[in-house]
Amino acid sequence: MLRGKKVLLRPVRRADIQYFLKWFNDLEVTQYLNMSLPMTEMAEEKFIEELGTSRSQSTVMFVIEAIEGDSSKPIDSAQGKPIGNTGLSNISARDHHATFGIAIGDKDYWSKGCGTEAARLIINYGFEVLNLHRINSGAIAFNERSLRMHKSVGFKEEGRQREYIFKNGKFQDHVIFGMLREEWKGLE
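On a predicted model such as this, the values are computed, not experimentally measured, just so you know.

Participant: What am I meant to see in the overall build of the protein chain here?
Facilitator: Scanning the protein chain from N- to C-terminus turns up six helices and eight strands. In sequence order, the protein chain lays out its α and β elements as β-β-α-α-α-β-β-β-α-β-α-β-β-α. Its C-alpha atoms give the protein chain a radius of gyration of 16 Å, within 12% of the compact-globule value 16 Å for 188 residues. Summarising its shape, the C-alpha atoms of the protein chain cover approximately 45 × 40 × 35 Å along the three principal directions.

Here it is as structure tokens:
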């Protein structure tokens, strides 16, 4: 587990399917994500099963829990509430890079700093534990919260794919971000 002051990141459990189905079938949540199909219980079960097999070599995923109560207590005694997920995918052992992703599915926790803290925890994990050299990311251009979060944790905007994603009835730009290990180290 990875722990901050507001959130902790823990491995995905089968019981988390209930949260994923709620969050990722909510159009208000998915309008900000590069997904559009309704999520089914069967598809999510398969995805979680694959996390424990060959996919685990190229993907790490954590559930984000909001720490409720005394954050100084040991992790086991924290009363966490699942609010989203984050991870690194397309991990390349040869090239030492991966793609960052995050979703705060519980709308009560939007704009509370939980996503930013979770991002810092997973990025640090990527550079320090997985020995990555580079982390890639992206955001839909109208997602102002995500754009601010990327910049606040140290991502650099590297480009824009014009009218790349169809959301909310029209084509939207996709903003491409990247961060190098040295840039992360410079922020510490």
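Once the structure has been displayed, the description carries forward.
Participant: Just checking my understanding: could you explain the side chain of Glu44 for this structure?
Facilitator: Considering the arrangement of structural elements, one finds Glu44 in helix H3 (residues 41-51). Under the relative-accessibility criterion, Glu44 is labelled buried at 7%. If we ignore the near neighbours within four places in the chain, the residues touching Glu44 are Ile17, Phe20 and Met39.

Procedures and definitions
- Residues numbered from 1 in each chain as written.
- Predicted model: local features only at pLDDT ≥ 70, side-chain atom pairs only at ≥ 80, totals over all residues.
- Heavy atoms only, no water.
- Helix = DSSP H or I, 4+ residues; strand = E, 2+ residues; numbered from the N terminus.
- Rg over C-alpha atoms; globule rule 2.2 N^0.38 Å.
- Buried < 20%, exposed > 50% of the residue type's maximum accessible area, 1.4 Å probe, protein only.
- Contact = heavy atoms within 4.5 Å.

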